[in-house]
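Listed below, chain by chain, are the residues.
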Amino acid sequence: MKSQYVIQTTADGSPTIYLPQLDEHYHSVKGAVTESCHIYRDCALRHRAQRGYDRPLRLLEVGFGTGLNAAVSAECSDIHVHYIAVELYPLDPDVSQHLGYSLPFVEAVNRAKWDTPVNITATFLLEKRQTDFLTADLPGDIDVVYYDAFAPEKQPDMWEMEALRRTVDTMASGGVLTTYCAKGSIRRMLTALGLTVERLPGPPGGKREILRATKP
């Protein structure tokens, strides 16, 4: 898929990518880094780690994008993580580099080889898989899910019951999923799939609510 990328600055001063052909941004225009830190790193990874674990936490990211979620997660040096990202259309690493994020691990996660586990830090193992989430063999025993696909209006097949079911099937007992999408229809499907769903405050200055869902 050949795409045109337009770099735009979000409200917190950090950049994102805008895709004119989809009329869609990779991150919230209210703040790209703020969104990644709040919704994914803090409400999912740190939340799950606080409950304890006896092996590296297995994390599945649906949509690697610019690598921002991975980069902010790699900063959690106190948490051992095996981070598995599934992305069908990876960005050229040079595109991500041109974004100019002032974060320590952005270049490392974007330069890491695809389909090969790579140690980004002593506690962060990154495995980027270039494949179609909807048809791929997905990993199991997942403790944390970052569900960060494009919006339902832009990528509807990623928000249908079957896609969500595939995600829930990967999750270990006690696994946690977070997403920026707080639509009632998504909440009801996650509940129907057996998850306990919470509506949480969104990022500062951003969306009013986000979702966190836990597998009993």
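Residues numbered from 1 in each chain as written. Predicted model: local features only at pLDDT ≥ 70, side-chain atom pairs only at ≥ 80, totals over all residues. Heavy atoms only, no water.

Draft legend 1. Quick look at empty space enclosed by the protein. Applying the stated rule across the entire model yields 1 cavity of 30 Å³ or more. Approximately 40 Å³ is the volume found for the largest cavity. Around the largest cavity, the lining residues are Phe64, Gly65, Pro90, Leu91, Asp92, Pro93, Asn110, Trp114 and Lys128. Here the residues of the lining of the largest cavity are counted per class, giving 5 nonpolar, 2 polar and 2 charged. (1 Å grid on protein atoms, 1.4 Å probe; cavity = no way out; pocket = protein on both sides within 12 Å on 5 of 7 lines; lining within 4 Å. Points joined across faces, edges and corners; volume = space filled by probe spheres on them. Nonpolar A, V, L, I, M, F, W, Y, C, P; charged D, E, K, R; others polar.)

Draft legend 2. View of the layout of surface pockets. The computed volume of the largest pocket comes to approximately 660 Å³. What lines the largest pocket is a set of 34 residues, among which Gly63, Glu87, Tyr89, Phe150 and Gln155 lie closest to the centre. The set of elements that each furnish at least two residues to the lining of the largest pocket consists of strand S4 (57–62), helix H2 (68–74) and strand S5 (81–87). When grouped by side-chain class, the residues that make up the lining of the largest pocket number 17 nonpolar, 10 polar and 7 charged. Within this model, the second largest pocket holds a volume of roughly 280 Å³. In terms of lining, the second largest pocket is formed by 18 residues, of which the most central are Glu24, Glu35, Ala151, Tyr180 and Lys207. (Helix = DSSP H or I, 4+ residues; strand = E, 2+ residues; numbered from the N terminus.)

Draft legend 3. Representation of the pattern of salt bridges within the structure. By the definition in use, this model includes 11 salt bridges. Of the charged contacts in the structure, one is a salt bridge between Asp94 and Arg111, with a shortest N-O distance of 2.8 Å. Here Asp94, found in helix H3 (residues 93–99), pairs with Arg111, found in helix H4 (residues 106–111); they are 17 residues apart in sequence, far enough to count as distant. Accessibility expressed as a relative area gives 36% for Asp94, which makes it partly exposed. The class for Arg111 is partly exposed, based on a relative accessible area of 41%. Across the pair Arg165 and Glu162 runs a salt bridge whose closest N-O atoms are separated by 3.8 Å. In this pair, Arg165 and Glu162 both sit in helix H5 (residues 161–170), 3 residues apart, roughly one turn of the helix. Sharing partners across several salt bridges, the network here consists of Arg41, Asp42 and Glu75. (Salt bridge = Lys/Arg side-chain N within 4 Å of Asp/Glu carboxyl O. Buried < 20%, exposed > 50% of the residue type's maximum accessible area, 1.4 Å probe, protein only.)

Draft legend 4. The arrangement of the environment of Val109 in detail. On the secondary structure map, Val109 appears in helix H4. When its relative accessible area of 0% is taken as the criterion, Val109 is described as buried. Considered as a pair, Val109 and Cys37 are 72 residues apart in the sequence and their alpha carbons are 16 Å apart. Ignoring anything within four residues of it in the chain, the contact list for Val109 reads Phe64, Gly67, Ala70, Ala71, Ile120, Leu126 and Lys128. (Contact = heavy atoms within 4.5 Å.)

Draft legend 5. Broad picture of the sheet that holds strand S1 (residues 6–9). Spatially, 3 strands are ordered S1-S2-S3 in an open sheet, and the strand pairing comes out antiparallel. Each edge of the open sheet is held by one strand with a lone partner, namely S1 and strand S3 (24–25). As paired elements, S1 and strand S2 (residues 15–19) share 4 bridges and run antiparallel to each other. Across the sheet, the residue bridging to Ile7 is Ile17, located in S2. (Pairing = 2+ DSSP bridges.)

Draft legend 6. Region of the structure containing the packing of aromatic side chains. According to the stated counting rule, one finds 8 aromatic pairs in the structure shown. Consider the rings of Tyr40 and Tyr146, whose centres lie 5.1 Å apart with planes at 50°: the pair is tilted. On the criterion of sequence distance, the pair formed by Tyr40 in helix H1 (residues 32–49) and Tyr146 in strand S8 (residues 142–147) is long-range, its members being 106 residues apart. Tyr146 matches Tyr40 in its accessibility class, with the two residues each being buried. Where Phe133 meets Tyr147, the ring centres are 6.3 Å apart and the plane angle is 85°; that geometry is what we call edge-to-face. Here the residue Phe133 occupies a position in the loop between strand S7 (124–130) and S8, and Tyr147 occupies one in strand S8, the gap between them amounting to 14 residues. Like Tyr147, Phe133 is buried. Lying over the aromatic face of Phe133, Arg166 brings its terminal NZ or CZ to 5.8 Å of the ring centre. (Phe/Tyr/Trp six-rings, centres within 6.5 Å; stacked < 30°, edge-to-face > 60°. Lys NZ or Arg CZ within 6 Å of the ring centre and 35° of its normal.)

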